[in-house]
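Fold and geometry: a report
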Amino acid sequence: MATVVELISYPVKGCAGVPTAEAELTPAGLAHDRSFMVVAADGVFRSQRKDPRLATVRPEVSADGSQLTLSAPGVEPLRFAVDLGGEAGAPRSDIEMFGMPYRAVDQGEAAAGWLSEVLGAPSRLVRVPPEHDRVTDGLTPGTSGFADSSAVHVLSRASLDDLNARITAAGRAPVPMERFRPNIVVDGWDEPQTEDGARRITVGGGELGFAKLAIRCAVTLVDQPTGTKQGPEPLRTLASYRRVPEGGVAFGSKFSVLATGKVAVGDAFNVTAWGTD
């Protein structure tokens, strides 16, 4: 029987994760996950791919989403009221993520100044607006905030254990789970990559549908506590056995939310349908 052993949300895309014992599973994933994003002066999103120092920014969002605190080493924390953008006619900012245009609610000068100082480049913080209607692709379409693709990223300890066994066999240091920034970490499966074959899952009060494999990028090379690039692992070893026809290397799987509800560490992770398509 597989169980949930970790739940992590990432309120600000690219910034540090927030572990939690329980969370609401919304249509866009764990509550507040990737609901905020840092953008450059031209509106293009910032990512650890080019701005690894994002990893050192630790967000804390209130349960109702009305307050956000940003912390980072060497600077005073910033706490401010979130502009939810719910007022009629409230202004929107034009932003861009992976070449796609979106609209967002700018979070003001204080947040912009704080992030610009931490990242050493002009930056602004934006939030998904109430009318956000993004549709994500994959085998099971869904929605998400500013996640790269689907709402929920699932990774098993068995998959990480297998990867690290390969890395250490080559004489290199293992990598921690946080390098892959999952939302739900599962334990209890004997075989690695079992998550790749799960097509329908019930967990807590919610249900997930498989969307696609998680294609890995240079973010996995970033040491999350320090925001510095390490490399070449885990991509070097993943390339030796996890290349996929879609292009790149896969590790973990992405899921859309089919039914909302509360999920908690310790919940059974029940696969109700399996497949290979």
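Heads up: these notes are all about the structure in this document. Computed from a prediction, not measured in an experiment: that's the story for all the values here.

**With respect to the pattern of salt bridges**
Applying the stated criterion across every chain, the model contains 15 salt bridges. Between Arg 103 and Asp 94 there is a salt bridge, and its shortest N-O distance comes to 2.4 Å. Judged by its relative accessible area of 42%, Arg 103 is partly exposed. We note a salt bridge from Arg 242 to Asp 196, for which the minimum N-O separation is 2.7 Å. Here Asp 196 lies in the loop between strand S13 (184-187) and strand S14 (198-203) and Arg 242 lies in the loop between helix H3 (235-241) and strand S18 (250-259), a separation of 46 residues in the sequence. Judged on exposure class, the residue Arg 242 and its partner Asp 196 are both buried.

**Describing the sheet that holds strand S4 (residues 29-30)**
Read across the sheet, three strands follow the order S4-S3-S19 without closing on themselves; strand pairing throughout is antiparallel. At either end of the open sheet lies a strand with only one pairing partner, and these are S4 and strand S19 (261-264).

**Some remarks on the sheet that holds strand S9 (residues 93-97)**
Spatial ordering of the open sheet is given by S5-S11-S10-S9, a layout of four strands whose pairing is antiparallel. Among the strands making up the open sheet, the edge pair consists of strand S5 (36-40) and S9. Along the sheet, successive strands turn relative to each other by an average axial angle of 55°, direction set aside. Set on the sheet, helix H1 (residues 109-119) makes contact with S5 and strand S11 (123-127); between it and S11 the angle comes to about 130°.

**Some thoughts on the packing of aromatic side chains**
Enumeration according to the criterion identifies four aromatic pairs in this entry. On the numbers, 4.9 Å between centres and 55° between planes, the contact of Phe 45 with Phe 98 is tilted. On the criterion of sequence distance, the pair formed by Phe 45 in the loop between S5 and strand S6 (58-61) and Phe 98 in the loop between S9 and strand S10 (100-106) is long-range, its members being 53 residues apart. A relative accessible area of 44% means that Phe 98 is categorised as partly exposed. Between Phe 180 and Phe 251, the ring centres sit 4.7 Å apart and the planes meet at 50°, which makes this aromatic pair tilted. Taken together, the residues span a long stretch of sequence, with Phe 180 in the loop between helix H2 (157-169) and S13 and Phe 251 in strand S18 at a distance of 71 residues. Relative accessible area serves as the criterion here: at 1%, Phe 180 is assigned to the buried category. Across the ring face of Tyr 241, the terminal group of Arg 166 is positioned such that the distance to the ring centre comes to 3.7 Å. Stacked on the ring of Phe 210, the Lys or Arg Arg 199 has its end atom at 3.9 Å from the ring centre.

Calculation notes
- Residues numbered from 1 in each chain as written.
- Predicted model: local features only at pLDDT ≥ 70, side-chain atom pairs only at ≥ 80, totals over all residues.
- Heavy atoms only, no water.
- Salt bridge = Lys/Arg side-chain N within 4 Å of Asp/Glu carboxyl O.
- Buried < 20%, exposed > 50% of the residue type's maximum accessible area, 1.4 Å probe, protein only.
- Helix = DSSP H or I, 4+ residues; strand = E, 2+ residues; numbered from the N terminus.
- Pairing = 2+ DSSP bridges.
- Axes fitted to C-alpha atoms, helices over the stretch in contact; angles between N-to-C directions.
- Contact = heavy atoms within 4.5 Å.
- Phe/Tyr/Trp six-rings, centres within 6.5 Å; stacked < 30°, edge-to-face > 60°.
- Lys NZ or Arg CZ within 6 Å of the ring centre and 35° of its normal.

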